[in-house]
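Letter by letter, the chains look like this.
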Amino acid sequence: RKQGNILLSFVLHKMEGLLRLVVLMAGFLALAMSQSTDCSCDIVLILDSSGSIRKKDYPSVISFGQTVVSQLAPKMGKGAKGARVGVVSFSSAVKVVSPISDNAASLTAAIGGMKKTYGTTQTDLAINKATDMLAAAKQPGKCQSIQIMTDGISNYPAMTTRAAAAAKKAGITIVAIGVGPMVNSTELQIMASQPYQNNAIKISEFRGLKQIAHSLWDKCSVPIKNQTSVRNFCECDMMIILDASGSISSQDWQHMKDFARTIIRGYAGRLGLAQVRIGIITFAYRAVLQAPLSYDATALLSVVDSLKKTTGTTNTTDALLRADAELFKHRRAPGACQAIRMVTDGRSNNPKSTAQAAYQVKSKHDINVMAIGVGPLVDKQELGVIASPPLATNVIKLEKFVSLDQIAHNISDKCIKQPKKEPPLKYNLCHCDLIFIFDASGSITTSNWQEVKNFANIVLTDVKAFLGPTNTRVSIIHFHNKADLVLPLSYNYNEIKGAIDNMKKSDGTTRTWLALDLAHQEFVNYTNGLGKCRYVMVLTDGKSNIPQKTIASAHRLKALDLVWVQGVGIGQQVDKNEVTTITSTTSNLKPEFLTGSDSWAQLSGLAHKWFDKCNVSTPDPVIPTPTPPLVINNCLCDVMLILDASGSIIQGDWVKAKDFARILVTGLAPFMQSNSTRLGIIQYSSRANYVLPLTYDTHLANGIINRLNKTSGTTRTDLALKLAEQQLWGNRQQAVGGCMRVFLITDGQSNNPAATERVAHQLKQVAYVYAYGVGPQANQKELSVVATNGNYTMLQSYSQLSAIAHQIADPCLKKAKEATPTPMIERNDCNCDMMLVFDASGSIWQSHWVNVKKFASTIVSGVSTELARKSMRIGIVIFANSAKLVLPLSSNNVTILNAIAGMQKTSGSTRTWKGIELAQQELMRLNKGLSSCKTIKLITDGNSNIPAKTESAARIAKAKYGITIMAVGVGRLVTNVNELKNIASTPIKKNFYFVDDFTGLEMIAHVISDKCKPKEVFNDCRCDMVMVLDVSGSITLDDLELIKGFALTIVRGMQTKLVSGEVRIGMVTYASKAQMEVNITQSYQTLVTAISNLQKTNGVTRTNLALNLAGKILMANERKPGDCKSIKLVTDGKSTYPNATAAAAQYLKTKLGIQIMAVGVGPRVGMNELQAIASPGAKNLKLMETYGGLNDLAHLIADKCTAYNRKSNCTMKTLMSCLTTGITNTNACAEMDLYKKCAMKAICPDLSRIWCGMIFNAPSYKNCQQQSFCQMVMTNTSWSKCDLGFYKECYNQMKQTKGLSQCSQLNKYVWCAEAAVCSDLVRYLCVPAKGGKGREQGVTANGCKVTSCGHVVFNGEESDEDELMELATTTQNMHAPEIFKSSSSSWIVVALGCVVAVLAIGLVAVAVQYRKTRAEEAELDEALVEE
């Protein structure tokens, strides 16, 4: 029986091997068929050639097509088994560039000869054409594919969907590639075949197309390029994959672990210098990530020691994909070197899926794979499929596992020789964020816990002098069965002391990893962003329950920037290996172990050892000066006002809350205007809105406050506080002295008290918080938690807010009166000698230096005109341990650029004062000590070694020699912001900048140099223009008429330019969809008709669709590249998809060069969104309270393009006096004669033409002698420019519009007169008020404000208001009956009423306030844009 069992086992083993062989061969056969099919398909490339593709991007489209052909070329010319390709291009129509062919040369030539066309995006026609081509060329059993490349949404998405579905139903695989921001991801996925995750590809730029071609078709190219020759694997992130399946014996497993240890030890030096990261994966039936990518060699070796062999099958696919995910997700930079080193003893479960996984790893993500097979079960052919080329190097087959050691040495020994060692990472515990993690599990006795608290109190005493928002903060965590955040990061001494004294120990187990994860979260949530160190001490007396989790959590924590972890083990039960693994190895930290009977008492000594150096009267020079206690100056702090606008606030109380804000602005105004204080406002209910970004502008602040509307919803105080913290923290560099205040006003308890408490604590690290609770529902306990040091106030009603506001604001007004402002001197860099002073110390990386050079080159480019005029000179100084003059002052552009290109960074410390002194010497040498204009632009990435010397050098340069200094700090090592502010000249706002990284220098360079560039004049009178008009559901009928008036006024003003062809205009309307009302045209009549036929719709506000369509129209009709193109957008609300709208606008402005004017009307407009849409410049962003102001804007756009002189010489006083003269004969002819004489006397030719054309053409006037005068008036174009035909047409359209109010009719009548250039008629309404000195006014007539006055240029007529009113009344009484009697139409009577009768009552009741309001709005517009 025993022998029988042995024989049965032997037979089963052989059968299992045979079965695996059959499965493997079947898999390879399927894989071979799949690969053969992929590379031998009939393929049609569909290439978008529509107008939205820029001319400079089109070569990338051609290169994409040629690359596909090039990669498939080795598979072409092989008959039925070879690949064939056809090419189609499309825009408004479809063109077959090449029929399906296997001639690579002819295909390449045909693609190269493609010409960009213009038009729309008829994707459906292109897919149908490709489907027809493939159907005609179909061969039995041969796969077929369409690959479509497009940059936007198709014209008819439904038809595109149907076309794609028909193609896929015919067995055609579709790969859809979208390029740029206008692509619709959903449409791509609908077009693409399943799985769309692989077949729908979206990229941001056209230059990425070539890489897409390679990733899709490199598998067909022979040979595959050898990438290993250019890689240095000593600087690669590496994932070690170990097969732990059931076929591995215990002895073999030890050899595999030794393999991993040898590699880690060989790379240890690189790991310690943060040049390389290594991770570990094991796999059997599934893959397990044992160690994520880590720099910590000790931790990695500990993981290897703990690895256990498992049982199961060989799921190589899962291992490769897991490694790929870990490497690709954490790739340090695009193209960074990454590698996989895999060891296995057998075949994979699924060869086909393994091959596909290997292809993704190698080809798509460019990861180098070495496949090592050990033993007789390994299939070398499969290793070749897995490994990267060259296979001679990356496929290794071994007979025995013992040979792995030599392979490991071959991999790692060449990396043991370390490069020149850089200085060790430095940290200073007196200037760190400190987190203490205390083990509070059941093994800790009460007396031991008291020693822990003593330890914490000693540390707190030592670091007390350094506590501050930008210095030291302390947090405490203790753990047992769970981890508790006893204290979030805080710099409040009393708060920390109270937390320590109130700590309580617990019972339970030792779940150390929970505490490490909580510390990780605390650093992520409460980062100070200043680049200072972050130190964690973990104190424990035992071993964690799950060491693997603890090790993984420690890795994650140590992977954060500038985080050091120190483990402290106490007593005999502690796991020393675990404590060592927890401790960082990238600094000079070492784990601490306290043993003996007094081990817990030794904690006090450890506290003194590490922190006593902080408790000295004179800190060590390397320690930054502690931040002094926060001094609150109510007038010199940035202020963030947070207003509760939830549903419980009634309208009357909301008005009082806004009054509080207004009083604050009044009190702070002197300090805001001197750039000392900024004000911001957050409004919240169910969500928080940043309605006023921090600003110095009082006009802007008051304008926003006036527009604030209360909302409804819940009370999410936590969201408002979080938003305040984010905005204040992001603006901390510009705050005077770092001082920031928050005023919170609420009438109730927050919906999420726990979150509110947590966020409030975080906010109080940044700003001083005052809280005001109003009414019985306000929660006193919550307000006390939110406010700093208990600065909260409970109020009975909103009426009491006014007194609070005055308590804050009135002292500021008093201080402002007492202060004597120092005048600010502004320099013009365009006429200055300029020294560029660059930090070249050791902390500057080579990549940083490239950005520094780019900064300098950008400045030189911007001031090239001034250099050519020799009105300025530029010199360059670099500094580290010493300063070097790279370039003496020069105005030679070529010499300066050559010096910049040749600049070499050095190494050493940061002796900033030497750079300033040398720059000063050079400036004074060539200026011979004279006080001409001189400036220094200083760039540094850290604090100077001796701040006092640096500040002294800057003070001398500024005060003694009159040099203006701009100081720019870059990156997290700049911790002493005040030093840079002291270096910079006033105003600090213009001469001090801080950017997070060196790429931000480009923006600063433009700030310096762009003002020196010749001004580019954008001229609407020579542009193609698309008007984009919001007609969504929020637009009323009255609004629509004013919108139509806006469009009509522009078209009318540009009529002569349209006729000459200098201007072409199109129009788009939008709501839920965008609609092209009229394509780009120069036909005046077509535009007028389209405007007249505009209809309002219902729906949401899809501004992004309208912008995309307008851009397509402009690009499809572009006459030649670079032609002037503009969009005029009018909307009354925020777009439904703000991010998509901003992206579309950015693409149109930056990529297509289209100038966008954004006009927002009413209170629902999003100011931030308008800023994102509009092109730079005050003229391109307009905010209006009502649509009535649109006509003014239309004239601003169009009047400069009209050939008409809009000046009116019609004298109202003369005209009125003449008309009041009695008429002895009241017949029609006498009346006609009077009007003729009065018009001639008052010089009112436009009125003569209107009277003749609309009144005196009635039958009762037919036989009057004055008809000869009317005939001359109507035919003589030099007599009047008033276009009577246009006016009649405009007026007739108005009277046919149903549902308009009387005021809307009146306003439309006025803009009809203006658009017809009937200036005298408008003059009737727009009479200067007494003392107005010719300023254009609005007028109130029949109770309506006429908002369309202001574009007729008046002579300086000194009119008496009372006299004019009397004259107007007399005129009405005398002549109204005759006019009504002679009018043939009651509508004409209404239309002419403002001239002779109906509107005479309000003729001179001028609304002076209207023009004042318009002037304030204009100021507000400019302020908004500047902000």
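Higher on the page you've got the structure.
Residues numbered from 1 in each chain as written. Predicted model: local features only at pLDDT ≥ 70, side-chain atom pairs only at ≥ 80, totals over all residues. Heavy atoms only, no water.

A. Layout of the pairing of strand S21 (residues 688–695). Across the eight residues that make up S21, a large majority, six, are buried. Bridging between strand S20 (residues 679–684) and S21 involves five bridges; their strand directions are antiparallel. The partner of Ile682 across the bridge, within S21, is Tyr690. What sits between the antiparallel neighbours S20 and S21 is a turn of three residues. (Buried < 20%, exposed > 50% of the residue type's maximum accessible area, 1.4 Å probe, protein only. Helix = DSSP H or I, 4+ residues; strand = E, 2+ residues; numbered from the N terminus. Pairing = 2+ DSSP bridges.)

B. Examining the sheet that holds strand S3 (residues 94–101) more closely. Strands sit in the order S3-S2-S1-S4-S5-S6 across an open sheet of six strands; the sheet is mixed. Of all strands in the sheet, those bounded by a partner on one side alone are S3 and strand S6 (200–203). Along the sheet, successive strands turn relative to each other by an average axial angle of 15°, direction set aside. Direction of pairing for strand S1 (residues 42–48) relative to strand S4 (residues 144–150): parallel, over a ladder of six bridges. Looking at the pairing, Leu47 lines up with Met149 of S4. Against the sheet, helix H2 (residues 58–72) engages S1, strand S2 (84–90), S4 and strand S5 (172–179), with an angle of about 170° to S1. (Axes fitted to C-alpha atoms, helices over the stretch in contact; angles between N-to-C directions. Contact = heavy atoms within 4.5 Å.)

C. Examining the packing of aromatic side chains more closely. One pass over the structure, following the stated rule, counts 13 aromatic pairs. Between Phe743 and Tyr772 the ring centres are 6.4 Å apart and the planes differ by 15°, which places this aromatic pair in the stacked class. Pair noted here: Phe743 is in strand S22 (residues 740–746) and Tyr772 is in strand S23 (residues 768–774), with a separation of 29 residues, a long-range link. The residues Phe743 and Tyr772 share a single accessibility class, namely buried. For the ring pair Tyr1235 and Phe1256, a centre distance of 6.1 Å and an interplane angle of 65° mean the geometry is edge-to-face. Note that Tyr1235 is positioned in helix H45 (residues 1228–1241) and Phe1256 in the loop between helix H46 (1245–1254) and helix H47 (1267–1275), a separation of 21 residues in sequence. Taking relative accessible area as the criterion, Tyr1235 reaches 1% and is therefore assigned buried. Phe1256 sits in the buried class, given a relative accessible area of 4%. We note Lys576 situated over the ring of Phe593; from NZ or CZ to the ring centre the distance is 5.4 Å. (Phe/Tyr/Trp six-rings, centres within 6.5 Å; stacked < 30°, edge-to-face > 60°. Lys NZ or Arg CZ within 6 Å of the ring centre and 35° of its normal.)

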